[in-house]
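For reference, the chains in residue letters:
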Amino acid sequence: MKKGNINRPKLLILGGTGLVGSTLASYAQKIFDIHLTYCTNLPLSTLSSTKISLPDELSKLENLIVQYDPDVIVHTVSHPSVDWCQENRDLANFLHVNLTENIAKFASKINSTLIYLSTDWVFDGTRNNKYTENDSTNPINHYGVTKLLAEKIVLDYPQNVVLRPAVIYGWHKKSRFTNWIIDTLKEKKYVDPHVDQYATPTLVDDLALAIIKIIENKSSGLFHSTGKSCVNRFEFATQIAEIFNLDTNLIKPVTQSEKPQKAPRPNRTCLDSSKLENLINFNFHDITSGIEFIFEQSQKSNYE
Ligand SMILES: NC(=O)c1ccc[n+]([C@@H]2O[C@H](COP(=O)([O-])OP(=O)(O)OC[C@H]3O[C@@H](n4cnc5c(N)ncnc54)[C@H](OP(=O)(O)O)[C@@H]3O)[C@@H](O)[C@H]2O)c1
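Described in the following lines is the structure provided in the data block.

How each quantity is defined
Residues numbered from 1 in each chain as written. Predicted model: local features only at pLDDT ≥ 70, side-chain atom pairs only at ≥ 80, totals over all residues. Heavy atoms only, no water. Salt bridge = Lys/Arg side-chain N within 4 Å of Asp/Glu carboxyl O. Helix = DSSP H or I, 4+ residues; strand = E, 2+ residues; numbered from the N terminus. Buried < 20%, exposed > 50% of the residue type's maximum accessible area, 1.4 Å probe, protein only. Near = heavy atom within 4 Å. Polar contact = N/O pair within 3.5 Å; in protein donor to acceptor, adjacent residues only side chain to side chain. Areas by Shrake-Rupley, 256 points an atom, 1.4 Å probe, with all protein chains shown as cover. Nonpolar A, V, L, I, M, F, W, Y, C, P; charged D, E, K, R; others polar. Phe/Tyr/Trp six-rings, centres within 6.5 Å; stacked < 30°, edge-to-face > 60°. Lys NZ or Arg CZ within 6 Å of the ring centre and 35° of its normal.

## What about the pattern of salt bridges?
- Applying the stated criterion across every chain yields a total of eight salt bridges.
- Glutamate 87 is paired through a salt bridge with lysine 262; the nearest N and O atoms lie 3.9 Å apart. Placement of the pair is glutamate 87 in helix H3 (residues 82-87) and lysine 262 in the loop between helix H8 (233-243) and strand S12 (268-269), with a sequence separation of 175 residues.
- Classification of glutamate 87 by relative accessible area gives exposed; the value is 54%.
- Here lysine 259 and aspartate 192 are joined by a salt bridge, their closest N and O atoms 3.0 Å apart. Linking lysine 259 in the loop between H8 and S12 with aspartate 192 in the loop between helix H6 (176-186) and strand S8 (198-199), this pair joins segments that are 67 residues apart in sequence.

## Description of the site of the ligand
- Near the ligand there are 28 residues, and of these Thr17, Thr40, Tyr143, Lys147 and Lys174 occur at the shortest range.
- Within the side chain of tyrosine 143, one N or O atom sits 2.7 Å away from an oxygen atom of the ligand.
- Relative to its unbound accessible area of 910 Å², the ligand is 90% covered by the protein chains.
- Those elements giving two or more residues to the shell around the ligand turn out to be helix H1 (19-28) and helix H5 (142-155).
- Grouping the constituent residues of the shell around the ligand by class yields 14 nonpolar, eleven polar and three charged.

## Thoughts on the packing of aromatic side chains
- What the rule picks out here adds up to eight aromatic pairs.
- Ring plane angle 85 degrees and centroid distance 6.5 Å describe the contact between tryptophan 121 and tyrosine 143, whose orientation is recorded as edge-to-face. Pair noted here: tryptophan 121 is in the loop between strand S5 (113-117) and H5 and tyrosine 143 is in helix H5, with a separation of 22 residues, a long-range link.
- You can call tryptophan 121 buried: its relative accessible area is 10%.
- Taking 5.1 Å as the distance between ring centres and 85 degrees as the angle between the ring planes, the aromatic pair formed by phenylalanine 244 and phenylalanine 295 counts as edge-to-face. Of this pair, phenylalanine 244 sits in the loop between H8 and S12 while phenylalanine 295 sits in helix H10 (residues 287-300), and the two are 51 residues apart along the sequence.
- Under the relative-accessibility criterion, phenylalanine 295 is labelled partly exposed at 22%.
- The aromatic ring of tyrosine 68 is capped on one face by lysine 10, whose charged end is 4.8 Å from the ring centroid.

In short, geometric facts, not functional conclusions.
Pasting the structure below:
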């Protein structure tokens, strides 16, 4: 680390109000000098921040990168809806590909490391075993296409990092899947998660701690960064209900043909994260211990 105070490297989190960005900020603020960007939600008031709305304010973002001059940039800005990306391809291209290209250029200009958050949906989901970083990609929806293009841009620079998390969850207002299950079951209403969409869900706290270790170890390259358990959404929902003491009878499994979505979803994109775990000496939670972790947090406070 070369910039700012030698003991407190400078970290710029793009999308500092998101699930990943805000969780990373709360863990990393003890170790790094942090600056956040946000768009519609207000960030943690104790941290310095800049409101930037993209694509309109790209030059404001570029000025911020040059002026703040961070050691590391963590880029989490994306559109959360895969269906929206399928129907708004030009905007999705801009937000995921052109934006990332600009950020990567500016990061390189000031000699910063860029850490980019990609996805398991760069794969087509036709494999029965977990995918490793050596397996061939073949996205089947536009979100996956744009994230894969962004990966390639980021990895053109040897100091950069690409992480592939999946179905990120935590005790957080932006943890979409877990909140849908918990909130709906608490209202004693039915939920209908897919039984034919498998992934390795990722506890956001694990992801934040892994990012900090990657920065401290000065690691670079492409890494899968998911939890250990390969489960379908119905199994995930059932475990959430059991651990949160909610009624599992209200969970009705559906198939993709019974409940179609606008963008096609891959069937089974479970990832093997052992390359990263071995490199940084870290263990991602399995699904049971991950949900137990968020259940304990739920007993202490409302969502962050
Ligand atoms: N969540 C998942 O399950 C999941 C799974 C696999 C991969 N990923 C990837 O992981 C990364 C982080 O995901 P996340 O769940 O943390 O995302 P998120 O909660 O939706 O947060 C996105 C962040 O980007 C900002 N943002 C969104 N649109 C913007 C725009 N037009 N201009 C400026 N800022 C904008 C948001 O700001 P405001 O909140 O202030 O509006 C927020 O800080 C993304 O790259 C995503 O593709 C996520």
